[in-house]
Amino acid sequence: MAESESGADKSEEPTEKRKKDTREKGQIARSKELSTLAVVLAGAGGLIAFGGGLAEMMMTVMRLSFELPRESLLETRFMIQALMAAGELALRATLPLLVLLLVASLLGPLGIGGFLFSGSSLAPKFSKMNPAAGLKRMFSQHALVELLKAIGKFALILMVAIYVLRSDQDDLLAIAHEPLENAILHSIQIVGWSTLIMGCGLILIAAVDVPFQLHSHKQKLMMTKQEVRDEYKDSEGKPEVKGKIRQLQRQAAERRMMQAVPQADVIITNPTHFAVALKYDNEKGGAPVLVAKGGDFVAFKIREIAQEHKVTLLESPALARSVFYSTELDQEIPAGLYLAVAQVLAYVYQLRQFQAGKGKRPAPLKNLPIPPDLRRDE
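Residues numbered from 1 in each chain as written. Predicted model: local features only at pLDDT ≥ 70, side-chain atom pairs only at ≥ 80, totals over all residues. Heavy atoms only, no water.

Where an unreviewed UniProt entry is consulted, the chain appears under the name Flagellar biosynthetic protein FlhB, with the organism given as Pseudomonas matsuisoli. Taken verbatim from the UniProt record of the chain, the Sequence similarities (unreviewed entry) comment is "Belongs to the type III secretion exporter family." Per UniProt, the chain carries the Subcellular location (unreviewed entry) text "Cell membrane". (UniProt positions renumbered as here; feature names shortened; annotations may be inferred.)

Right, let's talk about the packing of aromatic side chains for a bit. Scanning all chains against the criterion turns up 3 aromatic pairs. Judged by centre distance (4.6 Å) and plane angle (50°), the rings of F274 and F324 are tilted. Taken together, the residues F274 in strand β2 (residues 274–279) and F324 in helix α11 (residues 317–326) connect sequence positions 50 residues apart. We note that F274, like F324, is buried. Both rings, one in F274 and one in Y325, keep their centres 5.7 Å apart while their planes meet at 65°; by these two values the pair is edge-to-face. (Phe/Tyr/Trp six-rings, centres within 6.5 Å; stacked < 30°, edge-to-face > 60°. Helix = DSSP H or I, 4+ residues; strand = E, 2+ residues; numbered from the N terminus. Buried < 20%, exposed > 50% of the residue type's maximum accessible area, 1.4 Å probe, protein only.)

Bringing the layout of surface pockets into the picture now. By volume, the second largest pocket is sized at about 160 Å³. Lining of the second largest pocket is provided by L314, E315, S316, A318, Y347, P364, L365, K366, N367, L368, I370 and R375. The residue makeup of the lining of the second largest pocket, split by class, is 7 nonpolar, 2 polar and 3 charged. (1 Å grid on protein atoms, 1.4 Å probe; cavity = no way out; pocket = protein on both sides within 12 Å on 5 of 7 lines; lining within 4 Å. Points joined across faces, edges and corners; volume = space filled by probe spheres on them. Nonpolar A, V, L, I, M, F, W, Y, C, P; charged D, E, K, R; others polar.)

All right, on to helix α12 (residues 338–355) then. For α12, spanning 18 residues, the distance from its first C-alpha to its last is 25 Å, which sits close to the expected 26 Å at 1.5 Å a residue. Listed in full, the buried residues belonging to α12 are A340, V341, V344, L345, Y347, V348 and L351. Mapping the buried residues of α12 onto a view down its axis gives an arc of 155°, with all of them on the same face. The secondary structure elements touched by the buried residues of α12 are β1 (266–269), β2, β4 (312–315) and α11. Immediately beyond the C-terminal end of α12, within one or two residues, lies G357, with a positive phi of roughly 75°. (Expected span 1.5 Å × (residues − 1). Arc of directions from axis to C-beta. Contact = heavy atoms within 4.5 Å.)

The next subject is the nonpolar core. Judged by nonpolar contacts, the single largest core of 24 residues is most densely connected at V266, I268, L278, L319, L337 and V344. Per-element accounting of this core gives the leading share, 7 residues, to α12. Apart from residues lying up to four places away in sequence, V344 is in contact with V266, I268, L314, L319, L365 and L368. Counting residues in hydrophobic clusters, the runner-up holds 15 residues, among them M257, V261, A275 and V291. (Core = buried A, V, L, I, M, F, W, Y, C linked by side-chain atoms within 4.5 Å.)

Bringing the sheet that holds strand β3 (residues 289–295) into the picture now. Two modes of strand pairing occur in sheets, parallel and antiparallel, and in both the strands are linked by backbone hydrogen bonds. Spatially, β3-β2-β1-β4 is the arrangement adopted by the 4 strands of the open sheet, whose pairing is mixed. Strands with a single pairing partner mark the edges of an open sheet, and in this sheet they are β3 and β4. Strand-to-strand twist in this sheet, taken as the mean axis angle between neighbours without regard to direction, amounts to 20°. Pairing analysis gives 4 bridges linking β1 to β2, with the strands arranged antiparallel. Bridging from a neighbouring strand, I268 pairs with V276 of β2. With respect to the sheet, helix α10 (residues 297–308) is in contact with β1, β2, β3 and β4, its orientation differing from that of β3 by roughly 125°. Relative to β4, α12 is tilted by about 135°, and along the sheet it contacts β1, β2 and β4. (Pairing = 2+ DSSP bridges. Axes fitted to C-alpha atoms, helices over the stretch in contact; angles between N-to-C directions.)

Moving on, we come to the UniProt feature "transmembrane region" (unreviewed entry) in the chain. Using the residue numbers shown here, the UniProt feature "transmembrane region" (unreviewed entry) corresponds to residues 34–55, 97–123, 144–165 and 190–212. The span residues 34–55 shows a helical share of 100% and a strand share of 0%, and its end C-alpha atoms are spaced 30 Å apart. Secondary structure across residues 190–212 comprises 100% helix and 0% strand; the distance between its end C-alpha atoms is 34 Å.

Listed below in structure tokens is the structure:
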């Protein structure tokens, strides 16, 4: 089990955030052996496929280099022209092989980890210049594995190379007795097939290295329980901060709610524990809207503001509780309370007419019709 720098066990699987952060920093699983294998196999395959063209190019360059006309010896610019022509031929012949090697060098690292470009991985890291940290890396488990892998790779490639040289011994000796053109073509073919066979030896090394790199990268990403908790706090917010934010949000909502109390048509009270403020818009129609509600101290403040602005207060414990529990702020009252609230608003309008000297005092409201499913007892 991996350990952190503090000595705590890294027993927790890496979170998605941890994986994303490390990837953005350029820290992903990579296998150098897989990249080497891709380049070697591509180079060997290119020599086999384009060997004929390479041989013809080499012979043409040799002819141009050694068959010099007599008059060209007196021309000062001839050597530059000959060099440019030879270079053009060489580039034209080797271009397919170079393109193949370029593609292999780009696709090889994508075998594990995928494509990634990270600016942070290009930034200089002065921590790597620390001698103590360097010695620690030299004698780490990872360094030991890399050493054993290098020894194993050397031994394996050496054995394959000895086998290839023994197998091609007769062909190598025969090259000395072949015409020049055939010898060049034969040499390229031997080099291509020998490289391909030795490159196949790297398959075993890559097959061991890829799982090791994936496992090693996962171990580096493992987290301690404390790291998981700290990450959760950073992403979700610390409880005390979230509590403070909720408190500020409640205070802002209460201020907005208190500002709406003076515009209410009626305040229905419990009379002390609950208070709800309703407003009906004749122009928009629809049902009355709850513009403010609260219990205990908030209910007291609603009643206080209502008295200051001469908003009608009406005691109806059952209706106050029903509206309080069934309706959210800035929402219309439920259909089951239409009739009861309509009677309350009618009473309020009649009371206003009486206070203006245009009618008689309305009779007190009693037994408002509240459906059983909307009733809330103390």
